[in-house]
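Each chain, letter by letter, is given below.
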Amino acid sequence: MTADGIRFETIGRLGLITLDRPKAMNALTQGMLRGLSGALDAWERDDRVQTVAIRAGEGQAFCSGGDIRILYHAGLAAKRGEGALPLDYFADEYRLVHRVGTYPKPYVALIDGIVMGGGAGISINGRYRVAGPGIRFAMPEVHIGLFPDIGASHFLPRLPGMVGTYLALTGARIGKADCLWSGIATHGAPADRFSDILDDLSEGEAAETVLARYDDRPANTGEVAPLALERDRIDAAFGHDDLGAILSHLEFAGYEGWAFAEEAVKVMGRASPTSLLIALRQMREGRTLSFADCIRMEYRIVSRVLHEHDFYEGVRAQVVDKDRNPSWQPPILAGIDPAAIDPNFAPLEQELVLR
């Protein structure tokens with residue numbers, strides 16, 4: 001069974017998904033989302049399939065997220081009165097993310113290389129996440145005028161302390177040790193053992209048993225996670241509920257010589273101020289919301305953001321023209337009344353229906 005950019009195979013007791021769009025870093029098209037959703041439905045009903053696993057084919061990425069170029073051009077066309085905003089893409093994506101997060105059979109993501117945005121949605125929300133040596137996780141949406149979606153409102157606030165808030169506001173990339181320490185990954189394994197894991201799963205062995213056999217997490221290797229060393233100061237800086245207070249704390253810490261803080265201020269200074277405010281509120285509200293309610297909240301937000309300037313300007317600057325010089329509206333945090341983001345979180349007349 002195949003769809004453009006993705007393959008599905010049933011091998012013994014295993015349902016195997018392979019992302020196969022290497023020239024686009026396995027960016028997810030709507031066809032890929034719908035194909036994956038259909039495969040999960042079929043395998044749930046198939047008693048022969050005990051475990052589902054997802055991996056990437058050849059290339060440097062597990063999955064770089066949704067195909068932002070397609071969404072950008074579709075959104076611009078809609079703003080010109082040519083068709084509708086691509087909300088149906090996000091509806092399909094968010095339903096799939098919820099499906100992955102609530103799937104009744106063991107779901108194993110084998111991740112080596114870049115995993116961002118939608119790629120995180122179809123992996124990090126699953127029951128088991130196996131980090132290879134080349135994993136690079138990030139949620140960089142604030143730099144394209146979007147916000148950390150695909151269930152990030154749920155999983156980021158549940159990382160240790162304020163680490164999730166730090167990742168949401170900076171879009172920082174983290175590697176294997178940090179992914180394992182923080183809980184982004186549940187297990188580690190050498191990339192050359194991924195095929196052995198799949199072989200064992202296809203034989204019907206329990207996923208927990210198989211993954212424990214190959215696990216090389218820092219507890220077993222002694223490797224120290226960089227974020228663990230910064231944890232206390234991250235908590236102090238990103239624990240404020242006001243974005244201005246976070247930045248002031250970081251700026252002062254930077255003056256005192258904390259290089260980590262200096263870099264965070266610089267990176268956040270390049271992000272959309274509106275997106276930063278939205279992301280911070282997500283991190284705070286998501287702490288107490290259920291997984292399903294986080295997905296619904298994200299759909300409310302994207303339904304509004306697609307009408308606004310910053311998403312299109314951010315994608316233009318980072319992905320299309322690549323001049324890395326977005327012109328945000330408003331351009332600075334001081335130009336935004338925090339109450340101005342409230343409408344993004346308001347209920348919709350037609351809320352997203354999850355199964």
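These numbers were taken from a predicted model, which means no experiment stands behind them.

## Some points on the environment of T186
No. 1: Mapped onto the secondary structure, T186 falls in the loop between α7 (176–182) and β10 (187–188).
No. 2: A C-alpha to C-alpha distance of 9.9 Å links T186 and A109, two positions 77 residues apart in sequence.
No. 3: Ignoring any residue separated from it by four or fewer positions in sequence, one finds T186 in contact with R127, Y128, R129, L180 and R217.
No. 4: There is a polar contact of 2.8 Å between the side chain of T186 and the side chain of H187.

## Considerations on the layout of surface pockets
No. 1: Its volume calculated, the largest pocket comes out at about 990 Å³.
No. 2: Residue lining of the largest pocket: 37 residues in total, with S64, M116, P140, I144 and V319 positioned closest to the centre.
No. 3: Residue assignment for the lining of the largest pocket shows that the elements contributing at least two residues are α2 (68–79), α3 (87–101), β7 (114–116), α4 (117–121), α6 (163–170), α13 (259–268) and α16 (309–320).
No. 4: Tallying contributions element by element places α13 first for the lining of the largest pocket, with four residues.

## Some words on the pattern of salt bridges
No. 1: Summed over all chains, the structure comprises 23 salt bridges.
No. 2: With a shortest N-O distance of 2.6 Å, D241 and R284 are connected by a salt bridge. Pair noted here: D241 is in the loop between α11 (226–238) and α12 (243–255) and R284 is in helix α14 (residues 273–286), with a separation of 43 residues, a long-range link.
No. 3: Taking relative accessible area as the criterion, R284 reaches 12% and is therefore assigned buried.
No. 4: By sharing partners, the salt bridges in this structure join E313, R316, D321 and D323 into a single network.

## Looking at the environment of Q329
No. 1: Its location among the elements puts Q329 in the segment after α16.
No. 2: Not counting residues within four places of it along the chain, the set of residues in contact with Q329 comprises T274, H309 and D310.

## Quick word on the side chain of D67
No. 1: Among the secondary structure elements, D67 is positioned in the loop between β5 (61–63) and α2.
No. 2: A polar atom in the side chain of D67 sits 2.8 Å from the side chain of R21.
No. 3: Beyond its immediate sequence surroundings of up to four residues, D67 is in contact with R21, A27, L28, T29 and Y89.

## Overview of the packing of α2 against α16
No. 1: Between α2 and α16, whose axes approach to 10 Å, the crossing angle comes to 140°. Looking at the two axes, α2 sits oblique to α16. Seen from above, α2 lies across α16 with left-handed handedness. Of α16, the residues touching α2 (which contributes I68, R69, L71, Y72, G75, L76 and K79) are F311, Y312, V315, R316, V319 and V320.
No. 2: Tallied by class, the residues present in the contact of α2 with α16 amount to nine nonpolar, one polar and three charged.

## Considering the pairing of strand β2 (residues 6–11)
No. 1: In terms of strand pairing, β2 meets strand β3 (residues 14–19) through six bridges, oriented antiparallel. When the sheet's bridge partners are listed, I11 is paired in β3 with L14.

## Observations concerning the pairing of strand β6 (residues 107–111)
No. 1: β6 sits mainly inside the fold: five of its five residues count as buried.
No. 2: The alternating pattern of β6 places Y107, A109 and I111 and V108 and L110 on opposite faces, both of which are buried.
No. 3: Bridge count for strand β4 (residues 51–56) against β6 is three bridges, and the pairing is parallel. Looking across to β6, one finds that V52 is bridged to Y107.
No. 4: Across four bridges, β6 lies against strand β8 (residues 128–131) in parallel orientation. Its bridge partner being in β8, A109 is matched across the sheet by R129.

## Side note on the sheet that holds β5
No. 1: Within the open sheet, the three strands sit side by side as β5-β7-β9. Their pairing is parallel. Looking along the sheet, the strands with just one partner apiece sit at the ends: β5 and β9 (136–138). Ignoring which end each strand starts from, the neighbouring axes of this sheet average 20° apart.
No. 2: In this structure, β5 lies alongside β7, joined through two bridges in parallel fashion. Each residue of the ladder has a partner; that of C63, found in β7, is V115.

## As for empty space enclosed by the protein
No. 1: Evaluated as defined, the whole model comprises one cavity of 30 Å³ or more.
No. 2: If you add up the space inside the largest cavity, you get close to 40 Å³.
No. 3: As for the largest cavity, its lining consists of L156, P157, G161, M162, G164, T165, M283, R284 and R287.
No. 4: For the lining of the largest cavity, a count of residues per class yields four nonpolar, three polar and two charged.

## Side note on the packing of aromatic side chains
No. 1: Following the criterion strictly, the structure yields ten aromatic pairs and no others.
No. 2: Between the aromatic rings of Y89 and F90, the centroid separation amounts to 5.6 Å while the plane-to-plane angle is 80°, which identifies the pairing as edge-to-face.
No. 3: Judged by centre distance (5.2 Å) and plane angle (15°), the rings of W258 and F260 are stacked.
No. 4: Connected via pairs of aromatic rings, a cluster forms that spans Y89, F90, Y94 and Y299.
No. 5: The cationic tip of R281 hangs over the ring face of F345; the distance from NZ or CZ to the ring centre is 4.2 Å.

Criteria and thresholds
- Residues numbered from 1 in each chain as written.
- Predicted model: local features only at pLDDT ≥ 70, side-chain atom pairs only at ≥ 80, totals over all residues.
- Heavy atoms only, no water.
- Helix = DSSP H or I, 4+ residues; strand = E, 2+ residues; numbered from the N terminus.
- Contact = heavy atoms within 4.5 Å.
- Polar contact = N/O pair within 3.5 Å; in protein donor to acceptor, adjacent residues only side chain to side chain.
- 1 Å grid on protein atoms, 1.4 Å probe; cavity = no way out; pocket = protein on both sides within 12 Å on 5 of 7 lines; lining within 4 Å.
- Points joined across faces, edges and corners; volume = space filled by probe spheres on them.
- Salt bridge = Lys/Arg side-chain N within 4 Å of Asp/Glu carboxyl O.
- Buried < 20%, exposed > 50% of the residue type's maximum accessible area, 1.4 Å probe, protein only.
- Axes fitted to C-alpha atoms, helices over the stretch in contact; angles between N-to-C directions.
- Parallel < 35°, antiparallel > 145°, perpendicular 65-115°, else oblique.
- Left-handed = near helix turned anticlockwise from the far one by under 90°.
- Nonpolar A, V, L, I, M, F, W, Y, C, P; charged D, E, K, R; others polar.
- Pairing = 2+ DSSP bridges.
- Phe/Tyr/Trp six-rings, centres within 6.5 Å; stacked < 30°, edge-to-face > 60°.
- Lys NZ or Arg CZ within 6 Å of the ring centre and 35° of its normal.

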